[in-house]
Amino acid sequence: MNTTVFAQRHIGPREADQNQMLKTIGVDSLDQLIYETIPDDIKLKKPLNLEEPMSEQEYLVHMHNVSKKNKVYKTYIGLGYHPTILPAVIQRNILENPGWYTAYTPYQAEIAQGRLEALLNFQTMITDLTGMELANASLLDESTAAAEAMSLLFAVRDRAQKKENVNKFFVSEDILPQTLSILTTRAIPIGIELVVGKESDFDFSSDFFGAILQYPGKLGQVTDIKSFIEKANNANIKVAVAADILSLVKLEAPGKFGADVVVGTTQRFGIPMGYGGPHAAYFATKEAYKRDIPGRIIGVTKDTDGNRALRMALQTREQHIKRDRATSNICTAQVLLAVMAGMYSVYHGPKGLQFIADSIHNAASLLADSLKKLGFNQVNSEYFDTLQIKTDAKKVKKVAKEKKVNFYYPDEDTVSISINETTTLRDINYLIEVFAKVAKKEAFTVSEIPQANTISENLQRKTEFLTSDVFNTYHSETELMRYIKKLERKDLSLNHSMISLGSCTMKLNAAAEMLPLSIFKWANVHPFVPEKQAKGYLTILKELEDQLTEITGFAATSLQPNSGAQGEFAGLMVIKAYHESRGDHHRNICLIPSSAHGTNPASAVMAGMKVIVTKSTEKGNIDVDDLREKAELHKNNLSCLMVTYPSTHGVYESAIKEITKIIHDNGGQVYMDGANMNAQVGLTNPGNIGADVCHLNLHKTFAIPHGGGGPGVGPICVAEQLVPFLPGNPVIKTGGEKAITAISGAPFGSSLVCLISYGYIKMLGAKGVTDATKAAILNANYIKTRLQGHFDTLYSGEMGRAAHEMIVDCRPFKANGIEVTDIAKRLMDYGFHAPTVSFPVAGTLMIEPTESESKAEMDRFCDAMISIKKEIDQASKEDNNNVLKNAPHTLEMVTANEWDFPYTREQAAYPLDYVKDNKFWPSVRRVDDAYGDRNLICTCAPIEEYIDA
C-alpha cells in the first residue's frame, strides 16, 4: 500500500474487501456494478480535469505556505466582525475534537444529550442577554437572521394588517450594509416594501407592519431604542433589533424595552473571523411567536422513567411538514459554533463577560479622549466600542496602511474604529501614533486604561444575566475540560461508529483537512479587509470555485450561500434574475416532484414562485407524463423545475435527460438539488444531465463536518447564461456583472470551512473523487444485498441496483406492533445511530453508508439490523413490553436492582458480541416528545432551583 496516497485513507474498503463485496452483490467487477447502476447516456466521456493529488504532508505544507499570502493587520473594521480570543480549552476540546465536530443533527435525542445541553446553554445565554422569552439554536449569520426576523414579523401581522395588505418595513439607515443588501434580496419576492431612513425621522405610520434597528448602529452610535420601541408599540408596529451580543453586557436588553425580535451574531464570543464565517447567529423572540420562529429550538422534556431529558422541540415547524407553507427554508444551523460560543460564556461567566465588555468600552473611551487631544472630532455621543471620526479619510487611510492597521472608511469624511477583545494598552498607544502622524503632531503615551461610561442612564444594563448554575461553575480550565468531556461522552459521533444517514452523507472528515482551520493566518482575517491582505484566501477560494465548476460541468461557482437551503434560494433567485433580464417577469411557476426535499418548496415560495407539485410513479420515479402535461400547461409562466439527482428515493432515473429537455422546451430552467452529489462526482454531473444550476452541500459530498447540525456550506454552480447574476456583496465586489443582491453576509460566505473541501479535492484528485463515488455505490449495494430477505428495499434502478443510498421498508412490521421509531431506538443498543427515519417515505429507513466506511463496520451494522429483524419477528401487537419498545436501554436501567422485563439484561445491553468491545450507553431512556411540546422549556434552570434542590 502506498502510504502517501490520501484516497487509501479516505476510502474504507480495502481491495480484498471490495472483491468480497462484489462477489456478495453478484457482479464480476466494480465497473460492472457501475454499468448496472448509472444510465449510460449520462456518464462522463472523459475524466475530470483536476490537478494531480497531493499527499497529506504536501497538502499541509502547501496550506501553511499559501496562508502567508494573507496579511493579518491589526483590524478595527467592525461591521459585525471582530478579532476575538478563542480560549485554548475550547479550541482543543471542541473545535479540534471529532467527538464534537463529527456528530449529526440531534434528531435522535437519546444519543445527543451532550450537544443538546450545550445548545440549551446557548439559548439561555441569548435569552438572558437579549431579555427575550425564547431563542433558537441557531441561525447562519446576523444578516440572514435579520431577514428571518423581517419575514416572521410579516407573517404575524394582525388580521386587519393582512386584510389591508400593510407591507412596508422600516429599516434604520444605521443597519449594517450587508444586512440591508440581504433584506432587499428577501423582501422583494414576498412583497415587502423596504423604507430606509433615520430613526428620528420615522413617523410611525399605519402603512408599516415592522421596523428593524441596529443597536449600536453600524458606526457605533447608541440611539434611544427605548423611545422608538415605545412609539412603535403604540402604533401597532413590531420591532426587530439587530444587537451586538457583547454590547448587551453594558446596554439594557432590547426585550426589556418591548422589542419583538432580537437578532445578531455570537462571533464575538471567541469565534475566529475566518474571512466571514462560519459563526452562529442568534434569534430571540416572544413565546407568542414560538410556532413561527425559524430554525431549531432545544427544549426540556422527560424520558420514560420521568427523568429530565432534552430534545429538539416543536419539530412540526420543519419544512418537511409545512413544505410550501413554511415561512422559512432554514435547515442547517451553526451548532458547532453555537456550542463554542455557549462554552465561551460558561468559561467566563457573567463576571468574566463584564470584565471583557468593560475593558473594550474603557479602551474605546480612552482612544476617543486621546484623539480629541490630537484635534480629531469624534462624533458618537454614546457608544460601546466604536468611534466615528470626522476627518480626511484619505489621509488616515494612507498612514494606517503604512502602519498595517485596518479601519473602516464609509465615506471620504469618516473613519470608523471598532475596539475589540484583543485590544491592549500597547495597541491604544500605537493608534495614537497613527493619528499623531496624520495630524503631524507629537505622539504621546498613555500609561493606563481608566474606567469610563459614555452610556446614558436609561440605556445602561440593570438586568442580571447568566444566573444559571452552569455559567457560575466552570471557570478553571480543569473544570471546563471535564465538563466538555462529560457532555461529549453522552453523544454518539463518527469517532464511535458509522452514521448511515440517507441524504445526509456522513463521511470521513479527515484530520489533514481540518488542521488548517487552526492556522493563525487562516482564522484571523476580517471579511472586509482590502483584497491585497486576503490573497491567500482569494487564491484558495478561486481554485475551489474552479474545482467545483469542473466537477459539476458548469461555467462558474459562487461560494456565498452558507447552507444548502441558502444555496437553493440563491439558485432560484439567479434563475429569477435571468428571466427578468429577458423581460420574462411573469415566469413564476416552479415544478417540484412530490418526493423532493421539504426545503425545495419552502425556498421556491421565498423566491416569490408558485409551487406546482408533480407526481411520482409507483417505482418512485418522476412521472414524466404528468411533468410534461404540467410543463406544457404552464409554459408561458414556467420558471423552473427543482429536481434531486439521483432521486430522493436513491435511484438514478433513466429519464432525467428527457425531463430536463421538457423543461427547456417550455421556457424554463432546471435547478438540481445537489444533496445526492456524492453519487455523481467523476461519473456524471448536473451540466451533463441538462441542469442549469445546482447547489452543493459541502458538508455532505465535500467533507465539511456536520458539527452536530452545522456548519454547512451550499455554493451554487451555474451554466453560462446564469453567470452574470451570481450574488454580490455591498462592501467587497464579488459575483457576476449583473449580480443579485447578497444571499449571505460575507462576500464568500463561510470561507474558513471552505478550506476543508478544497483539501478534500486537492488530496483526492480526479481519480480519487471518482473512486470515492464508486465506493459509495459499492457500499450501498453491499448493504442492500446483505439485508435482502430481512428487509425489503422500496426502490431500485432498472437493473435492481441502488445508487449511493437505499430506502428499506419498515411498514410491514406494524403487524408485530413495531414502528420504524422502535428500530431507530433499538439500534442505539447496538452502538449505531439510526439511518434517516421516515424520509422521504413515512415508516422507512434511508441508509447511506458513504465511501469512508470499512467492510467490517458495514458488516457490524448489517448484523445489527438482521438481529433486530429477529427481535421484530418475536414481537406482537398484544405485548408492548419487549426489547424494541423499551429501547434504548441505559446503564442505570441495566444495573438497577430491579429488572421487570421478559428478556435478560444481556439481551438488552449486549445483543451481539461485538457490542461488548465498544459499548455506547445512551444517557437517557426514550424521550417524551409530546410532553416536551406541551410544556415548552427552552432555557437552563436558574441557580435558585439548584439551591432549593
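Structure: see above.
What this report covers is the structure whose coordinates are included nearby. (Residues numbered from 1 in each chain as written. Predicted model: local features only at pLDDT ≥ 70, side-chain atom pairs only at ≥ 80, totals over all residues. Heavy atoms only, no water.)

So, the overall build of the chain
Item 1. Secondary structure assignment for the chain yields 32 helices and 26 strands.
Item 2. For 949 residues, the compact-globule estimate of 2.2 N^0.38 gives 30 Å, and the chain sits close to it at 28 Å.
Item 3. Its C-alpha atoms give the chain principal-axis dimensions of about 85 × 70 × 65 Å.
Item 4. Out of the 949 residues belonging to the chain, those deemed buried represent 66%.
Item 5. Partitioning the intrachain contacts of the chain with sequence separation of at least 6 by distance along the chain shows that 78% fall at a separation of at least 24.
Item 6. Summing over all exposed atoms, the chain offers an accessible surface of approximately 33,500 Å²; the carbon and sulfur share of this is 47%.
Item 7. Side-chain charges in the chain split into 100 positive and 112 negative, and the spacing between the mean points of these groups amounts to 3 Å. (Helix = DSSP H or I, 4+ residues; strand = E, 2+ residues; numbered from the N terminus. Rg over C-alpha atoms; globule rule 2.2 N^0.38 Å. Buried < 20%, exposed > 50% of the residue type's maximum accessible area, 1.4 Å probe, protein only. Contact = heavy atoms within 4.5 Å. Areas by Shrake-Rupley, 256 points an atom, 1.4 Å probe, with all protein chains shown as cover. Lys, Arg positive; Asp, Glu negative; His and termini not counted. Charge placed at Lys NZ, Arg CZ, Asp CG, Glu CD.)

Thoughts on helix α4 (residues 56-67)
Item 1. Taking 1.5 Å per residue, 12 residues should reach 16 Å; α4 reaches 16 Å between its end C-alpha atoms and fits that length.
Item 2. Of the residues making up α4, those classed as buried are Y59, H62, M63, V66 and S67. The buried side chains of α4 occupy one side of the element, clustering within an arc of 130° when seen end-on. (Expected span 1.5 Å × (residues − 1). Arc of directions from axis to C-beta.)

Considerations on the sheet that holds strand β20 (residues 669-674)
Item 1. Pairing is mixed in the open sheet, where seven strands are placed in the order β16-β22-β21-β20-β19-β17-β18. Each edge of the open sheet is held by one strand with a lone partner, namely β16 (556-558) and β18 (610-614). Each strand axis lies, on average, 25° off the axis of its neighbour in the sheet, ignoring direction.
Item 2. Where strand β21 (residues 693-696) meets strand β22 (residues 716-718), three bridges bridge the pair, whose relative direction is antiparallel. Paired with C694 across the two strands is C717, which belongs to β22.
Item 3. Most of the contacts of helix α20 (residues 564-581) go to β20, to which it runs at about 170°, and overall it touches β19 (638-644), β20, β21 and β22.
Item 4. Docked against the sheet, helix α23 (residues 656-665) engages β17 (589-593), β19 and β20, running at close to 140° with respect to β20. (Pairing = 2+ DSSP bridges. Axes fitted to C-alpha atoms, helices over the stretch in contact; angles between N-to-C directions.)

Concerning the pairing of strand β7 (residues 261-265)
Along any regular strand, the residues point their side chains to alternate faces of the sheet.
Item 1. Extensive coverage of β7 is indicated by the burial of five of its five residues.
Item 2. Taken together, the three bridges between strand β6 (residues 238-243) and β7 define a ladder with parallel strand orientation. Directly across from V241, in β7, lies its bridge partner V262.
Item 3. Where β7 meets strand β8 (residues 281-285), five bridges bridge the pair, whose relative direction is antiparallel.

Regarding the packing of aromatic side chains
Item 1. Inspection of the entire model under this criterion finds 30 aromatic pairs.
Item 2. Residues Y645 and Y652 carry aromatic rings whose centres are separated by 5.9 Å and whose planes lie at 70° to one another, so their mutual orientation is edge-to-face.
Item 3. For Y652, a relative accessible area of 5% corresponds to the buried category.
Item 4. Taken together, Y76, F376, F407, Y409 and F435 form an aromatic cluster joined through their ring pairs.
Item 5. Positioned above the aromatic ring of F154, the side-chain terminus of R157 is 3.8 Å from the ring centre.
Item 6. Lying over the aromatic face of F569, R186 brings its terminal NZ or CZ to 5.7 Å of the ring centre. (Phe/Tyr/Trp six-rings, centres within 6.5 Å; stacked < 30°, edge-to-face > 60°. Lys NZ or Arg CZ within 6 Å of the ring centre and 35° of its normal.)

Quick notes on the packing of helix α2 (residues 15-25) against helix α25 (residues 751-787)
Geometry of a packed helix pair, given as the angle between the helix axes and the separation of the axes.
Item 1. Packing of α2 against α25 leaves a shortest axis separation of 9 Å and a crossing angle of 50°. The angle between the axes of α2 and α25 places the two elements in the oblique class. Considering how the two elements wind past one another, α2 and α25 form a crossing that is left-handed. Along its contact with α2, which presents Q18, M21, L22, T24 and I25, the element α25 presents L778, N779, N781, Y782, T785 and R786.
Item 2. Here the contact of α2 with α25 is composed, by residue class, of five nonpolar, five polar and one charged. (Parallel < 35°, antiparallel > 145°, perpendicular 65-115°, else oblique. Left-handed = near helix turned anticlockwise from the far one by under 90°. Nonpolar A, V, L, I, M, F, W, Y, C, P; charged D, E, K, R; others polar.)

Here's the deal with the packing of helix α22 (residues 624-633) against α23
Item 1. Relative to each other, α22 and α23 sit at 10°, their axes nearing to 9 Å. The orientation of α22 relative to α23 falls into the category roughly parallel. Packed against α22, whose contacting residues are V624, L627, R628 and A631, the element α23 presents E658, I659, I662 and I663 at the interface.

Section: a negative patch on the surface
Item 1. Residues D392, D411, E412 and D413 make up a contiguous surface patch of negative charge.
Item 2. As for its position among the elements, D413 is in the loop between β14 (408-411) and β15 (414-418). (Patch = residues over 30% accessible without salt bridge, like charges linked within 9 Å, V, L, I, M, F, W, Y side chains within 5 Å. Salt bridge = Lys/Arg side-chain N within 4 Å of Asp/Glu carboxyl O.)

Brief notes about the environment of V525
Item 1. Inspection of the secondary structure assignment puts V525 in the loop between α18 (520-523) and α19 (535-552).
Item 2. What makes V525 buried here is its relative accessible area of 2%.
Item 3. Along the chain, V525 and V262 lie 263 residues apart, while their C-alpha atoms are 27 Å from each other.
Item 4. The contact partners of V525, leaving out residues within four places of it in the chain, are N70, V72, M273, G274, Y275, G276, A534 and Y537.

Describing unusual backbone geometry
Item 1. The omega angle of the peptide bond from Y215 to P216 is -10°, so this bond is cis rather than trans.
Item 2. Take P216: it is sitting in the loop between β5 (208-215) and α11 (225-234).
Item 3. The peptide bond linking A887 to P888 adopts the cis configuration, its omega dihedral lying at 0°.
Item 4. Among the secondary structure elements, P888 is positioned in the loop between α27 (855-874) and α28 (891-894).
Item 5. A positive phi angle is found at K404, which is not glycine, with a value near 60°.

Concerning the side chain of T285
Item 1. Mapped onto the elements, T285 comes out in strand β8.
Item 2. Note on T285: relative accessible area 0%, which makes it buried.
Item 3. From its side chain, T285 meets the backbone oxygen of D260 in a polar contact 2.7 Å long.
Item 4. The residues touching T285, leaving out its near neighbours within four places in the chain, are M132, E133, L134, D260, V261 and I293. (Polar contact = N/O pair within 3.5 Å; in protein donor to acceptor, adjacent residues only side chain to side chain.)

Functional significance is not addressed by these values, which are geometric in nature.
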